[in-house]
Structure formats: structure tokens, C-alpha cells
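# Examining the three-dimensional arrangement
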Amino acid sequence: MRWMALPVAAITGLFALTTPAAAAWHGYISHPLGFAFALPATPNELKIEKTNYKGAVAGTDDAMVWSTVQDNIEYKVLVVDTTAQARQSATLLGEAEYIFQDGKKLLMDSFGRVDRHYGRKLTVDLPNNGGRRIGCFYFINGRIVSLQATVLPANGDYDNPEIARFIDSITFFPERAADDDTELPLQK
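Not measured: the values here are computed from a predicted model. (Residues numbered from 1 in each chain as written. Predicted model: local features only at pLDDT ≥ 70, side-chain atom pairs only at ≥ 80, totals over all residues. Heavy atoms only, no water.)

## Some points on the sheet that holds strand β1 (residues 26-30)
Hydrogen bonds between backbone groups are what pair the strands of a sheet, and the pairing can be parallel or antiparallel. Applied cut-off: Should DSSP find at least two bridges between two strands, the strands are regarded as paired. Secondary structure counts use DSSP, requiring at least four H or I residues in a row for a helix and at least two E residues in a row for a strand, with both numbered from the N terminus.
Spatially, β2-β1-β10 is the arrangement adopted by the three strands of the open sheet, whose pairing is mixed. Of all strands in the sheet, those bounded by a partner on one side alone are β2 (35-39) and β10 (182-183). In the sheet, β1 pairs with β10 via two bridges, with the strands oriented parallel. From the neighbouring strand, Ile-29 faces β10, where its bridge partner is Glu-183.

Below is the structure:
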């Protein structure tokens, strides 16, 4: 039996050296915006920016983006303030989904529900072999909330489970978030 211990230990050690290091996942929450999510980036790796969102129905609205790139996968959270047009929630959400998939090859389009909120999940191939992107869209408290993950060609693993883990991590019940989740800073 001892003669088997050495080969098993050698194979285990070799496997540990060839397995890529998994990034540590961190939880984030925004109490003012009413949602939480997780992604493989520390707070100092998360880029925060304020931008403008443009749509034919929505017009030009303020938006906040939190993003990071880990292992050639781009993770992005987009929140668009459409409170002035909140009565058109279905149209605004449909427009955001259309903008997401316009000019791309649509692979998957499904409806879902998270914490009593209906939303939509789409997967597209980007033009010119630019990668694959998956996104989910919800309309919460007058805002479009979207989580998007793009597997870049340098990664090439379009079935990477990390992107689904990110997209499915969203919750709209703050009590479901972990106690040590980091509060998302809001861009002024």
C-alpha cells in the first residue's frame, strides 16, 4: 500500500500545479439601489464610472457602471436611472435588451424571476469573433439593472461557469446578501 502513496502524491502535486488559481469571489451590495451581487474582484479591482445611457424611448439618462476584467472575462454591472419614465418600464426594459443584442448573433433569450422580480437573460456572440456576452436585465425602483459578462477571445472558454455564477448571483433582497458584502460606492 505504501508504494501507491508516492504516485498518488506526485499526481496530486502535478494537478495542483497545472490547475489555474481560482479568483476569490466577493459580495457587493447597494442598499440605496436595492440589489446585491458577487464577482471575482476585490473592491480595489472594481472600476466605477458615471456615464450616459442613450435609447430611442429612454432618451439620455444617467447611468453608473461597476466593472472589472478577471482572466479575460469582463464583468460589468450597469444601473440606468429611468425614474422619470418609470411608467414605461416594460418598454424601457425591452429597449435595453434590444440594444444589448442589436447587431449580434442571439444564442439564448429567456425569461426568469429573481426575488419576485421578472427579468430577462440573453446570450450573444459578438461580431468579428469578439467573444461571447451574457446579460440579465431587471427593472427595479425606476431603474434598469443589468449584469453583463463578456468572455473575451483570449479566454476562449465560452462555457465558463464563472459567467453564469456572476449573472445568477443577483438578489433584490438585502437580507440575502452576506454580512461581509462590500457596500458599492455611488459615483457622484
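After that view of the structure, there is still more to cover.
## Some points on helix α2 (residues 89-101)
This is how it is decided: Given a helix with a known number of residues, its expected span is that number minus one, times 1.5 Å. Relative accessibility under 20% of the residue-type maximum defines a buried residue, over 50% an exposed one, and the middle range a partly exposed one, all with a 1.4 Å probe and only protein chains included. We call two residues in contact whenever any of their non-hydrogen atoms come within 4.5 Å of each other.
Under the 1.5 Å per step criterion, the end-to-end length of α2 is 19 Å for 13 residues, consistent within 8% with the ideal 18 Å. All buried positions along α2 are accounted for by Leu-92, Leu-93, Glu-95, Ala-96, Glu-97, Phe-100 and Gln-101. Structurally, α2 contributes buried residues whose contacts are with β3 (47-55), β6 (105-114), β7 (117-125), β8 (132-140) and β9 (143-151). Of the residues trailing α2, Gly-103 is marked for its positive phi of about 80 degrees.

## Some details on unusual backbone geometry
Its identity as a non-glycine residue notwithstanding, Asp-71 has a phi of 55 degrees, on the positive side. Looking at the secondary structure, you find Asp-71 in the loop between β4 (59-70) and β5 (73-81). Within the chain, Asn-128 stands out as a residue other than glycine whose phi angle is a positive 55 degrees. Relative to the helices and strands, Asn-128 is located in the loop between β7 and β8. On the accessibility criterion, Asn-128 (77% relative accessible area) is exposed.

## Considerations on the environment of Gly-27
Among the secondary structure elements, Gly-27 is positioned in strand β1. The class of Gly-27 is buried, set by a relative accessible area of 16%. As a C-alpha pair, Gly-27 and Leu-184 span 157 residues in sequence and 9.7 Å in three-dimensional space. Other than its neighbours up to four places away in sequence, Gly-27 contacts Phe-37, Ala-38, Asp-181 and Thr-182.

## Some remarks on the nonpolar core
Formally: In plain words, nonpolar cores are sets of buried Ala, Val, Leu, Ile, Met, Phe, Trp, Tyr and Cys residues tied together by side-chain atoms within 4.5 Å.
Counting residues in hydrophobic clusters, the biggest one holds 29 residues, and the most contacted among them are Phe-35, Phe-37, Leu-39, Trp-66, Leu-147, Phe-166 and Ile-170. Mapped by element, the contributors of at least two residues to this core are β2, β4, β5, β8, β9 and α3 (161-167). Filtering out sequence-adjacent residues up to four positions away, Phe-37 remains in contact with His-26, Gly-27, Tyr-28, Val-77, Leu-147, Phe-166, Ser-169, Ile-170 and Leu-184. In terms of nonpolar packing, the next biggest core, distinct from the first, is built from 16 residues, Ala-58, Val-80, Leu-93 and Phe-137 among them.

## Points about the side chain of Thr-123
With respect to the helices and strands, Thr-123 occurs in strand β7. In this structure, Thr-123 is in contact with Lys-105, Leu-106, Leu-107, Met-108, Arg-132, Arg-133 and Ile-134, ignoring residues within four places of it in sequence.

## A few points about the sheet that holds β8
Note the threshold: Lines fitted to C-alpha atoms define the axes, with helix axes restricted to the stretch in contact, and inter-axis angles between N-to-C directions lie between 0 and 180 degrees.
Across the sheet, seven strands lie side by side as β3-β4-β5-β9-β8-β7-β6; this open sheet has antiparallel pairing. Each having just a single partner strand, β3 and β6 make up the two edges of the open sheet. Each strand axis lies, on average, 20 degrees off the axis of its neighbour in the sheet, ignoring direction. Where β7 and β8 come together, seven bridges link them in antiparallel fashion. Looking at the pairing, Leu-122 lines up with Gly-135 of β8. Against the sheet, α2 engages β3, β6, β7, β8 and β9, with an angle of about 170 degrees to β8.

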